[in-house]
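Fold and geometry: a report
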Amino acid sequence: MPTSTLPTGPAIALVCLLIGFLCHVARRYRPDPALRLLEIATVSAAMGIPLVVMRPPVPDFLAVPVGNSALMFSLALFWQAACQLNGRPLSRIGLVVPVLIWLGFCALPLFRHSFVMRVEIAMAMAIALVVLARRQLIRLPCETRARRILILISGLHILSCVGRGILVALPSLAGWVPLMLASIPFEMLIYIVLWPGLMLTLVAERAILEARAASLRDDMTGVLNRRGFWQMAEAVQVRGVLLFDIDHFKRVNDTFGHATGDCVIRHFSMVATAVVGGDAVFGRIGGEEFAVAVSGLSPDALGALAERVRAAFERTPLSDDLLATVSIGYAPATIPDRPLGEQMALADAALYCAKQRGRNRVESAPPEGASVAGVLVGIGRRAGESEKSRLVAPNAVMADPQGRA
């Protein structure tokens, strides 16, 4: 490509300003602090790039201290933007120190008059700032395409800076210096323009991932909702399923109010999460109904897990007047795994049995060879039971403020 067709400083500056404007617009919809830093970084780069690239028309006394300081400030802002994406606090010292170091060197006559020294120090500072930003990107918990490309671009920029420093330092390679100078606009276009653009894309990807994750979570408890539980439970191998139903929950709402009922739901969620552990898939699948999918437990171990949840919830009431309990039905794992819907139906039939036999207890699903059609008939009977029969429970431990059972 002829040198005359290379991108000019003003052209790159205009692209930087455009990306900065896009960051400004994006901040109106997602007030991410990283976007503000990117916006400032692109403006700073738009100011520094023409001064650095458009030499000799731009004199060195203006290009070297002002132009390069603006670019160092941009690189520092990119680093701090990556820190912000990683949840780290903004370091104002990290923003100011690179600029002060560069201006300190510019105060030295030897530095101002030595092209080789200026290039070597500029490359060393650029490499340090890019390495710091790259380190934060590697530590980001989310894996997105924009993140991978950013890591690649930062690596290429580091290699380019190293190569430029070697070309300038070795007199035997002086013939390659004009080519190196001609490649500077391309490198700036790749890093100063693509970096903020991809960072903006990364913020958008993170927003999409967060919205997707939020759509799978229950707002009240923070655990998986029905959709999230179903998606994750289907992937569990050698899967055992437990279904939970807080006993007489309507009575809780009628006696103590819906706010107290919400507290009971959150309390059970915390108790059950602590007992089943982080390896189990736990979710709220209905108003007062929860489910767990866990891998690799025998029928006895699955029943013991259900009993531990039941006992822990019974032992930790919210108050002396509100002694809530839970009924549990479970369906052990089979080989090969049953479809999740069929396994949930079996666990639901066991839960129905637990409620019929007095509540506050654990029941297992019918044997492995049991007919699912028969289970569905039982579920139909459960759906048709009257309000009176649902509220009468010989072993109920729910009490109202007056002590009535």
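Please read all numbers here as calculations on a predicted model, not as lab measurements.

1. Side note on the overall build of the protein chain
Each helix and strand in the protein chain was counted, giving 15 helices and five strands. Out of the 405 residues in the protein chain, the part that is buried amounts to 47%. Put simply, the protein chain shows about 19900 Å² of open surface, and 64% of that area lies on carbon and sulfur atoms.

2. Concerning the UniProt feature "transmembrane region" (unreviewed entry) in the protein chain
With numbering aligned to this structure, UniProt lists the feature "transmembrane region" (unreviewed entry) at residues 6–25, 37–55, 61–81, 93–111, 117–137, 149–170 and 176–203. For residues 61–81, helix accounts for 100% and strand for 0%, while the C-alpha atoms at its two ends are 30 Å apart.

3. Notes on the packing of aromatic side chains
Applying the stated criterion across every chain, the model contains seven aromatic pairs. Arranged with centres 5.6 Å apart and planes meeting at 5°, the rings of Phe282 and Phe290 form a pair that is stacked. Taken as a pair, Phe282 and Phe290 share a single burial class, namely buried. Among the aromatic residues, those joined into a cluster by ring pairs are Phe244, Phe268, Phe282, Phe290 and Phe313.

4. Some thoughts on the nonpolar core
Among the nonpolar cores identified, the biggest contains 58 residues, and Trp102, Leu137 and Met199 are the most heavily contacted of them. Listed by contribution, the elements that provide at least two residues to this core are α1 (9–29), α2 (33–53), α3 (60–85), α4 (92–106), α6 (115–139), α7 (145–169) and α8 (177–214). Sort the elements by how many residues they give to this core and α3 lands first, with twelve residues. Apart from residues lying up to four places away in sequence, Leu137 is in contact with Ala82, Arg147, Leu150, Ile151, Trp195, Met199 and Leu202. In this structure, Val292, Val309, Leu322 and Tyr330 belong to the second largest nonpolar core, which totals 29 residues.

5. Quick notes on unusual backbone geometry
Ile335 connects to Pro336 through a cis peptide bond whose omega is -5°. Along the chain, Pro336 turns up in the loop between β4 (326–331) and α13 (340–356). In the Ramachandran plot, Val238 falls in the positive-phi region, its phi being about 45° despite a non-glycine side chain. The topology assignment puts Val238 in the loop between α9 (226–234) and β1 (239–246). Look at Arg359: it is not a glycine, yet its phi comes out positive at around 65°. Looking at Arg359, the relative accessible area reads 7%, which means it is buried.

6. Focus: the pattern of salt bridges
Side chains that differ in charge, positive against negative, can pair when their charged atoms come close. Under the counting rule described, the total for this entry stands at twelve salt bridges. The residue Arg357 makes a salt bridge to Glu363 at a minimum N-O spacing of 3.0 Å. Take Glu363: its relative accessible area is 9%, and that puts it in the buried class. Residues Glu363 and Arg361 are paired through a salt bridge, measuring 2.9 Å at the closest nitrogen-oxygen approach. Salt bridges sharing partners connect three or more residues here, namely Arg30, Asp32 and Glu210.

7. A closer look at the sheet that holds strand β2 (residues 281–284)
As summarised here, the arrangement of the five strands in space is β2-β3-β1-β4-β5, forming an open sheet in which the pairing is mixed. The sheet is open, and its two borders are formed by β2 and β5 (362–364), each paired with just one other strand. Between one strand and the next, the sheet's axes are offset by a mean angle of 15°, whatever the strand orientation. One ladder, built from seven bridges, connects β1 with strand β3 (residues 289–295); its direction is antiparallel. In the strand pairing of β3, Leu243 is matched with Ala291. Docked against the sheet, helix α12 (residues 299–315) engages β1, β3, β4 and β5, running at close to 165° with respect to β4.

Rules used throughout
- Residues numbered from 1 in each chain as written.
- Predicted model: local features only at pLDDT ≥ 70, side-chain atom pairs only at ≥ 80, totals over all residues.
- Heavy atoms only, no water.
- Helix = DSSP H or I, 4+ residues; strand = E, 2+ residues; numbered from the N terminus.
- Buried < 20%, exposed > 50% of the residue type's maximum accessible area, 1.4 Å probe, protein only.
- Areas by Shrake-Rupley, 256 points an atom, 1.4 Å probe, with all protein chains shown as cover.
- UniProt positions renumbered as here; feature names shortened; annotations may be inferred.
- Phe/Tyr/Trp six-rings, centres within 6.5 Å; stacked < 30°, edge-to-face > 60°.
- Core = buried A, V, L, I, M, F, W, Y, C linked by side-chain atoms within 4.5 Å.
- Contact = heavy atoms within 4.5 Å.
- Salt bridge = Lys/Arg side-chain N within 4 Å of Asp/Glu carboxyl O.
- Pairing = 2+ DSSP bridges.
- Axes fitted to C-alpha atoms, helices over the stretch in contact; angles between N-to-C directions.

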